[in-house]
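Report on the structure
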Amino acid sequence: MNVFKKCLKKQFGRRKYISYVRMFEEEVIKNAYTKTKFQDKKIFNDMYELLKEENSEYIKERKELLAETLYMALQIGRKFLSVIVFYIVANIVVLALDLNYFVTCMSVILMGGCFIYKLIEFLSNKYCVIDAYLIMIYKTVLETLSGKTAKG
């Protein structure tokens, strides 16, 4: 699961997350050529209504958790090149050691499984358009609320 989806589900719950994905499909995919501000979207309004009663400490905490989530997503992308290099070098070393055939096969299969896991993690975080969109709206809601609590 990608980190954006995990963050959104933690904040709003599974059902609300699914409803936001449906709203995304209605608002963005069906109205792809209509330009509107985030504040005019149903998703923004719903998130805003859910969070507007929260105190400034809670909003600040949510902003910090969101920043950590964004950092984790960035780190997954940065570390993937080292994962590829490690996978290639480890396979070359295992094949060069000329170990028992069974040990070599099992080593290559296990490393391949780990690599596939990291590949899926990387791709699901890199190409999560819906979740990235929802995170941008969530960030806008938090910034709007933190601006209002600072004034109020």
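Please refer to the structure placed before this passage.
Heads up: these notes are all about the structure in this document.

What counts and what doesn't
Residues numbered from 1 in each chain as written. Predicted model: local features only at pLDDT ≥ 70, side-chain atom pairs only at ≥ 80, totals over all residues. Heavy atoms only, no water. Helix = DSSP H or I, 4+ residues; strand = E, 2+ residues; numbered from the N terminus. Buried < 20%, exposed > 50% of the residue type's maximum accessible area, 1.4 Å probe, protein only. Contact = heavy atoms within 4.5 Å. Phe/Tyr/Trp six-rings, centres within 6.5 Å; stacked < 30°, edge-to-face > 60°. Arc of directions from axis to C-beta. Axes fitted to C-alpha atoms, helices over the stretch in contact; angles between N-to-C directions. Parallel < 35°, antiparallel > 145°, perpendicular 65-115°, else oblique. Nonpolar A, V, L, I, M, F, W, Y, C, P; charged D, E, K, R; others polar.

**Brief notes about the overall build of the protein chain**
Of regular secondary structure, the protein chain possesses 6 helices and 0 strands. Per-residue burial over the protein chain gives 32% buried out of 152 residues. At a minimum sequence separation of 6, the contacts of the protein chain that also span at least 24 residues come to 80%.

**Here we look at the packing of aromatic side chains**
Inspection of every chain in the model, using the stated rule, returns 7 aromatic pairs. Their ring planes at 75° and their centres at 5.3 Å tell us that phenylalanine 12 and tyrosine 138 sit as a pair that is edge-to-face. In this pair, phenylalanine 12 sits in helix α1 (residues 3-12) while tyrosine 138 sits in helix α6 (residues 129-151), placing the two residues 126 residues apart along the sequence. When sorted by exposure, phenylalanine 12 lands in the same class as tyrosine 138, which is buried. An aromatic cluster is defined as three or more aromatic residues linked by ring pairs; in this entry it consists of Phe80, Tyr87, Phe115 and Phe122.

**Notes on α1**
Among all positions of α1, only Val3, Phe4, Cys7, Leu8, Gln11 and Phe12 are buried. Relative to the axis of α1, the buried residues are bounded by an arc of 140° and lie together on one face. Immediately downstream of α1, the backbone of glycine 13 shows phi near 95°, a positive value.

**A look at the packing of α1 against helix α3 (residues 42-51)**
Their axes nearest at 12 Å, the elements α1 and α3 cross at an angle of 50°. Overall, the two elements α1 and α3 adopt an arrangement that is oblique. Judged by residue contacts, Leu8, Gln11 and Phe12 of α1 engage Met47, Leu50 and Leu51 from α3. Of the residues contributing to the contact of α1 with α3, the split by class is 5 nonpolar, 1 polar and no charged.

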